[in-house]
Amino acid sequence: MSAAVASKKRKRDAEDAGKATLTLSTQPASQVGPVLASFPSLEPPKSTPFKCYVQKGADKSAPFETQPTIIAGEAETVEFFTADGPLSSTGCSYMIGVHDKRTNTTTLRPVPLHVLTRQVKALKNLKPIEVSTEERMAQRNNLGEAFGTKKAKAAIRARERNRVDIDAMKNVAGHLQDTIMQNTETLPTAEEAKATADSSRLIPPYNADAQTPGDVYALHDMIPEAEFNALPISAFKSAKSDRDRIALLPFNRSDWLKLQLKLVYSAPKLNKTELKLVYYISTMMAFFKNSRNVGDKDALQQKLSGVPPIVLDGLISRFTETERSTNKPKMTPQTETMLLTYMFALCLRVEDYAADVETIAHDLSMAPTKVMNLFKSLGCTIKKLGPNELKERGLPDSAAETKRAVLKIPLEFPKNRVKRARR
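In this report, we go over the structure that sits alongside the text. As the structure is a computational prediction, the values presented were derived from the model and not from experiment.

Topic: the layout of surface pockets
A volume near 540 Å³ is recorded for the largest pocket. Lining the largest pocket are 22 residues, with Q260, L263, V350, R393 and L395 sitting closest to its centre. Of all the elements in the fold, those that place two or more residues in the lining of the largest pocket are α9 (255–266) and β11 (354–356). It is α9 that contributes the most residues to the lining of the largest pocket, five residues altogether. Its residues assigned to classes, the lining of the largest pocket comprises ten nonpolar, five polar and seven charged.

What about the sheet that holds strand β1 (residues 21–24)?
If you trace the three strands from one edge of the open sheet to the other, you get β1-β7-β6, paired in mixed fashion. Every interior strand has two partners, whereas the edge strands, β1 and β6 (94–100), have only one. Strand-to-strand, the axes of this sheet are offset by a mean angle of 30°, without reference to chain direction. Note that β6 and strand β7 (residues 105–111) share seven bridges and pair antiparallel. Looking across to β7, one finds that Y94 is bridged to V111.

Details of the pattern of salt bridges
On inspection of all chains with the given rule, the structure shows ten salt bridges. Of the charged contacts, one joins K383 and E389 as a salt bridge, the two residues approaching to 2.8 Å between their closest N and O atoms.

Quick look at the packing of helix α2 (residues 133–147) against helix α3 (residues 150–162)
It is the contact of α2 with α3, at a shortest axis distance of 9 Å, that shows an interaxial angle of 145°. The way α2 lies across α3 gives a crossing that is left-handed. In contact with N141, G144 and E145 of α2, α3 contributes K153, I156, R157, R159 and E160. Residues that form the contact of α2 with α3 fall into these classes: one nonpolar, two polar and five charged.

Comments concerning a nonpolar patch on the surface
Taken together, the side chains of V120, L123 and L126 define a hydrophobic patch exposed on the protein surface, amounting to about 270 Å² of accessible area. Assignment of secondary structure puts L123 in the loop between β8 (113–120) and α2. In this structure L123 comes out as partly exposed when scored by relative accessible area, which is 48%.

Focus on the pairing of β7
With four bridges joining them, β1 and β7 adopt parallel strand pairing. If you follow T21 over to β7, its bridge partner there is T105. Counted between consecutive antiparallel strands, the loop separating β6 from β7 contains four residues, among which N104 sits at a positive phi close to 55°.

Considerations on the pairing of strand β4 (residues 69–74)
A one-sided burial pattern is seen for β4, the buried positions being T69, I71 and G73 and the unburied ones I70, A72 and E74. Judged from the five bridges that link them, strand β3 (residues 50–54) and β4 form a sheet pairing that is antiparallel. For K51, the partnering residue across the bridge sits in β4 and is A72. Direction of pairing for β4 relative to strand β5 (residues 78–82): antiparallel, over a ladder of three bridges. Opposite A72, over in β5, you have F81 as the bridge partner.

Scoring rules and cut-offs
- Residues numbered from 1 in each chain as written.
- Predicted model: local features only at pLDDT ≥ 70, side-chain atom pairs only at ≥ 80, totals over all residues.
- Heavy atoms only, no water.
- 1 Å grid on protein atoms, 1.4 Å probe; cavity = no way out; pocket = protein on both sides within 12 Å on 5 of 7 lines; lining within 4 Å.
- Points joined across faces, edges and corners; volume = space filled by probe spheres on them.
- Helix = DSSP H or I, 4+ residues; strand = E, 2+ residues; numbered from the N terminus.
- Nonpolar A, V, L, I, M, F, W, Y, C, P; charged D, E, K, R; others polar.
- Pairing = 2+ DSSP bridges.
- Axes fitted to C-alpha atoms, helices over the stretch in contact; angles between N-to-C directions.
- Salt bridge = Lys/Arg side-chain N within 4 Å of Asp/Glu carboxyl O.
- Left-handed = near helix turned anticlockwise from the far one by under 90°.
- Contact = heavy atoms within 4.5 Å.
- Patch = residues over 30% accessible without salt bridge, like charges linked within 9 Å, V, L, I, M, F, W, Y side chains within 5 Å.
- Areas by Shrake-Rupley, 256 points an atom, 1.4 Å probe, with all protein chains shown as cover.
- Buried < 20%, exposed > 50% of the residue type's maximum accessible area, 1.4 Å probe, protein only.

Right, dumping it as structure tokens:
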């Protein structure tokens, strides 16, 4: 054999000597095997014996590394045991290899990983000392004073200043309770507070015990009898068409008034009360539209030339307030609300207590939601009428899509919403 051939053989044998063969263990997968343990805080002596325990009722035919096991061992002064059972992860697994130098083979076997904690035997039976809230807060304040920022230290001192001394309050608690009882004796009850709130509502006088919608708001509580008798309707007799009749109204740019006047004259017999109501509502709409002129009575009378002076004087006296500086009447937000609620109560009477909200809002150039809220303040609910309700009021089926304010019995007013205080 030449020197070159012998050199290549020795080199190949040296390379093969550095390689090892990997094989998997042929033992049953469920057989107890090695365990990989981690000791994060304290390592036990090498001579410490450990035992492996399996949970009762566990499937012992399952692979050993997946079984619910714990590892426990005991040294002279410390006990070691698995903290939360073997760690399981879907991303990785652990294996231990045993290398045989004779055959140059490494045998691999899957193993569970246990993280062990410890318990000092001398402290095992001692219970931890309970720390009160005051002690915990004091310790927290000490840390804040030592290592906190200026802002944190200022907050600690502010809490100390605002802290209430409970022991000092014991002597005055009885006195405070007596004082509170004395001061609350004069407070109104819930029923009295409700009655006071109802009496201060910006609506016409009402009968809370009414059995029918027609008995809630009396006619002459909304229109004084003298003004009602003075309403001029004789001119309507000479009018030959709907256009001529509409022209006689103080406010004739209202679709709602046009429809109601047409319905009054389409009845088999003319109802003078209904005609006077339509005329008075028209006067109130005209008064509302000319609210800026209420301080100049002559200009207002010129705008509402057909309205009797007694009616105009009544509107001014009930729905305006006198300014101190000029001594002239002026419509305020409160008196304007009063005017609208009186007007809407009369609209309910004309429309059989189911008023067309959207048409009235359009005629007054107001937002429908505001008009709906004013009708609700009268005790109405806003809804669309069903077939039976339409038939009772003689309305066509096409009116089913119209939102109407319906006065309900028993009378119930909307409750005031209580706003939560912002923190």
